[in-house]
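If you want the building blocks of each chain, they are given just below.
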Amino acid sequence: MALSWFLIHILLFTSSLAHNDFFTSIGHMTDLLFTEKDLVNSLKDYIRAEERKLEQIKKWADKLDVLSAAATQDPEGFLGHPVNAFKLMKRLNTEWGELESLVLTDVSDGFISNLTIQRQYFPNDDDQVGAAKALMRLQDTYQLDTGTISTGQLPGSSSSHRSVLTVEDCYDLGKVAYSEADYYHTELWMVQALKQLDEGEMSSSVDAVTILDYLSYSVYQQGDLERSLDFTKRLLELDPTHQRANGNLKYFEYQLAKQEKMGASEEAQTEETQRKGRPDDYLPERKKYEQLCRGEGLRMTPRRQSRLFCRYFSNNRHPKYVIGPVKQEDEWDHPHIVRYLNIVSDKEMEKVKELAKPRLRRATVHDPQTGKLTTAHYRVSKSAWLGAFEHPVVDKINQRIEDLTGLDVTTAEDLQVANYGMGGQYEPHFDFGRKDEPDAFEELGTGNRIATWLLYMSDVQAGGATVFTDIGASVWPRKGTAVFWYNLYPSGEGDYRTRHAACPVLVGNKWVSNKWIHERGQEFRRRCGLQETD
């Protein structure tokens with residue numbers, strides 16, 4: 001028990017470091033599994049204590065059952081024996097009181113107090129909503145149907161780790177979408193919940209009437225009156241007294257009759273068609289971004305492929321790499337994106353993760369209006385910053401980046417370590433500050449971000465690619481490899497072809513680290529060009 005409480009305190013300390021936005025980091029979610037395991041052990045202790053208590057009560061009841069059965073056969077004869085009379089007085093005066101105390105003993109105190117302490121560090125409603133939205137994001141990005149997600153048969157997933165969604169789970173996902181006025185996903189998940197009910201799955205908290213009520217309204221909001229009417233009629237077959245459904249039935253019938261009378265003009269049909277399906281959002285390149293995440297729409301032609309090579313690289317015979325050059329691969333030609341292989345050891349990567357994990361916080365983005373860092377819904381991950389002085393491994397990695405790129409890293413930002421959560425992503429963005437963001441990195445005093453070094457510190461079973469939406473390129477995570485590209489032309493102008501994104505992680509745990517290298521210190525290492533795009 002002492003060990004159990006010690007574990008609890010350790011977990012509380014770890015969780016208290018960043019207990020918000022759990023869904024944005026798989027690394028932090030792993031702590032929750034151990035917390036839950038400890039709670040299950042505590043619950044089992046409570047069950048065993050209750051079983052011992054009930055066993056004592058049962059023995060008492062069985063003993064008295066036999067005694068009272070014999071005594072009531074001949075009450076006078078039984079009580080005629082003075083010992084029996086004495087024991088009856090004693091039992092009723094003392095022993096039944098002891099039994100009452102035993103029955104009233106609350107053996108749940110340990111479990112309840114354990115649960116109460118840990119509950120304050122549990123995920124909250126925002127985490128649950130965030131996790132639900134993450135599932136829907138994966139559904140859209142990778143074009144998965146609700147049945148595939150519900151059965152847990154995701155591409156790249158291990159059969160030993162598969163889990164299924166119940167009727168209640170599907171219903172809750174639909175409710176989250178409904179609360180966001182996302183009627184497209186409301187319909188998808190309510191239909192899945194209804195399908196599982198129709199197939200015989202039992203549910204103690206959700207019924208077909210409730211699901212049909214949501215369905216009829218969400219379908220109506222998408223402009224499909226006929227299906228809304230069908231769902232409403234089915235609802236009323238199950239509950240003829242349903243007040244809202246009866247009102248909706250009259251309204252839908254009236255609207256359909258009105259449409260028929262007007263001949264359902266072509267304009268009305270066009271408007272209805274536009275209202276159906278997945279709603280548009282703020283990101284104009286959403287379609288292209290998601291296609292690239294699926295490995296579609298790549299602009300890798302045979303001609304381009306012929307210009308890409310792999311080589312042993314020593315960075316102009318750098319002393320450290322003359323004898324042991326590193327493997328370098330071209331990922332893209334224009335802009336030139338290269339990948340370095342086996343650039344960091346497993347031991348070094350594990351040390352970086354170990355240093356970063358206690359300090360992981362919801363990842364931030366640069367707000368061009370305020371010039372400050374802020375959280376954003378389009379970046380779902382947690383990150384931590386590691387300075388070179390914090391551990392020799394961090395200093396070594398920084399030096400390696402300088403040796404291989406030939407750029408001065410003393411003016412670079414600290415190493416940023418990021419761990420992606422459920423459906424973790426970073427939507428299309430630029431790493432450099434654009435002309436309409438003149439104060440982007442003013443407080444650093446080191447100029448713009450001239451280049452990006454991206455180290456993959458884990459393999460990802462499915463999803464999680466780095467995609468460049470402007471050029472149609474996808475770079476897939478490979479543990480121990482690093483990708484490098486310039487964000488600026490030699491002239492200092494931004495290279496808008498480097499707009500990129502981190503695709504949602506479908507299955508797996510994605511760890512990366514970034515090094516953003518700035519202009520200051522590079523004046524004689526990467527000389528300016530005469531033309532804007534030189």
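So, here is what we can say about the structure in this document. Remember, predicted model here, so these are calculated numbers, not experimental data.

1. Some thoughts on the packing of aromatic side chains
Alright, step 1. Under the counting rule described, the total for this entry stands at 20 aromatic pairs.
Alright, step 2. Ring plane angle 50° and centroid distance 6.2 Å describe the contact between Trp 385 and Trp 516, whose orientation is recorded as tilted. Of this pair, Trp 385 sits in strand β7 (residues 381-386) while Trp 516 sits in strand β17 (residues 511-518); the two residues are 131 residues apart in sequence, bridging distant segments of the chain.
Alright, step 3. Its relative accessible area of 29% is what places Trp 385 among the partly exposed residues.
Alright, step 4. The exposure class assigned to Trp 516 is buried, which follows from its relative accessible area of 6%.

2. Considering the sheet that holds strand β9 (residues 426-429)
Alright, step 1. Strand order in the open sheet formed by four strands is β9-β15-β12-β13, and the pairing between neighbours is antiparallel. Single-partner strands in this sheet number two, and they are β9 and β13 (473-475). Here the strands of the sheet are splayed against their neighbours by 15° on average, with no regard to which way each runs.
Alright, step 2. Bridging between strand β12 (residues 466-468) and strand β15 (residues 500-502) involves three bridges; their strand directions are antiparallel.

3. Description of unusual backbone geometry
Alright, step 1. A cis amide bond links His 334 with the next residue in sequence, Pro 335, at an omega value of 0°.
Alright, step 2. Tracing the sequence through the fold places Pro 335 in the loop between β2 (326-332) and β3 (337-341).
Alright, step 3. Phi is positive for Arg 317, close to 55°, though the residue is something other than glycine.
Alright, step 4. Considering the arrangement of structural elements, one finds Arg 317 in the loop between β1 (310-313) and β2.
Alright, step 5. Exposure remark for Arg 317: the relative accessible area of 61% places this residue in the exposed category.
Alright, step 6. A positive phi is found at Asn 342, a non-glycine position, where the angle reads about 50°.
Alright, step 7. Position of Asn 342 relative to the elements: it lies in the loop between β3 and α16 (346-356).

4. Examining the sheet that holds strand β4 (residues 361-362)
Alright, step 1. The strand order across the open sheet built from nine strands is β1-β2-β3-β14-β10-β17-β8-β7-β4, with neighbouring strands paired in antiparallel fashion. Taken across any chain shown, the strands that pair with only one partner, and hence form the sheet edges, are β1 and β4.
Alright, step 2. Two strands pair when backbone bridges link them, and β1 and β2 are joined in this way by four bridges, in the antiparallel orientation. Looking at β2, one finds that Tyr 312 is bridged to Lys 327.
Alright, step 3. Sheet strands in contact with α16 are β7, β8 (415-420), β10 (449-456) and β17, and its direction is about 100° off that of β7.
Alright, step 4. Lying on the sheet, helix α17 (residues 392-405) is in contact with β1, β2, β3, β7, β8, β10, β14 (482-486) and β17; it crosses β17 at an angle near 55°.

5. Remarks on the packing of helix α6 (residues 125-141) against helix α9 (residues 183-198)
Alright, step 1. The N-to-C vectors of α6 and α9 enclose an angle of 95°; their axes lie 12 Å apart at closest approach. Between α6 and α9, the angle falls in the class roughly perpendicular. Here α6 contributes Met 136, Gln 139 and Asp 140 to the contact with α9, which in turn contributes Tyr 184, His 185, Leu 188 and Trp 189.
Alright, step 2. The class makeup of the residues in the contact of α6 with α9 is four nonpolar, two polar and one charged.

6. A closer look at the packing of helix α8 (residues 167-179) against helix α10 (residues 208-221)
Alright, step 1. Between α8 and α10, the least distance of the axes is 11 Å, while the angle of their chain directions is 35°. Judged by the twist between their axes, the crossing of α8 over α10 is left-handed. Seen from α8, the contacting residues are Val 167, Tyr 171, Lys 175 and Tyr 178; seen from α10, they are Thr 210, Ile 211, Tyr 214 and Tyr 217.
Alright, step 2. Considering only residue class, the contact of α8 with α10 consists of six nonpolar, one polar and one charged.

7. A short note on the pairing of β8
Alright, step 1. Of all six residues in β8, six are buried; the element is thus mostly enclosed.
Alright, step 2. Both faces of β8 are covered, namely the face carrying Leu 415, Val 417 and Asn 419 and the face carrying Gln 416, Ala 418 and Tyr 420.
Alright, step 3. Alignment of β7 against β8, held across six bridges, turns out to be antiparallel. Within the sheet, the bridge partner assigned to Leu 386 lies in β8 and is Leu 415.

8. With respect to the pattern of salt bridges
Alright, step 1. A full pass over the atoms with the stated rule returns 28 salt bridges.
Alright, step 2. For Arg 244, the salt bridge identified is with Asp 213, shortest N-O distance 2.3 Å. One end of the pair, Arg 244, is in helix α12 (residues 243-262); the other, Asp 213, is in helix α10, with 31 residues separating them in the sequence.
Alright, step 3. Among the residues examined, Asp 213 registers a relative accessible area of 12% and is labelled buried.
Alright, step 4. Between Glu 331 and Arg 339 there is a salt bridge; the shortest N-O distance is 2.7 Å. The exposure classification of Glu 331 matches that of Arg 339, with both residues buried.
Alright, step 5. Among the charged side chains, a network of salt bridges with common partners joins Arg 304, Arg 307 and Asp 333.

9. A short note on the environment of Thr 105
Alright, step 1. Here Thr 105 lies in the loop between α4 (82-104) and α5 (109-119).
Alright, step 2. Note on Thr 105: relative accessible area 38%, which makes it partly exposed.
Alright, step 3. With 55 residues separating them in the primary sequence, Thr 105 and Glu 50 have C-alpha atoms 9.7 Å apart.
Alright, step 4. Of note is the side chain of Thr 105, whose polar atom sits 2.7 Å from the backbone oxygen of Ser 101.

What counts as what
- Residues numbered from 1 in each chain as written.
- Predicted model: local features only at pLDDT ≥ 70, side-chain atom pairs only at ≥ 80, totals over all residues.
- Heavy atoms only, no water.
- Phe/Tyr/Trp six-rings, centres within 6.5 Å; stacked < 30°, edge-to-face > 60°.
- Helix = DSSP H or I, 4+ residues; strand = E, 2+ residues; numbered from the N terminus.
- Buried < 20%, exposed > 50% of the residue type's maximum accessible area, 1.4 Å probe, protein only.
- Pairing = 2+ DSSP bridges.
- Axes fitted to C-alpha atoms, helices over the stretch in contact; angles between N-to-C directions.
- Contact = heavy atoms within 4.5 Å.
- Parallel < 35°, antiparallel > 145°, perpendicular 65-115°, else oblique.
- Nonpolar A, V, L, I, M, F, W, Y, C, P; charged D, E, K, R; others polar.
- Left-handed = near helix turned anticlockwise from the far one by under 90°.
- Salt bridge = Lys/Arg side-chain N within 4 Å of Asp/Glu carboxyl O.
- Polar contact = N/O pair within 3.5 Å; in protein donor to acceptor, adjacent residues only side chain to side chain.

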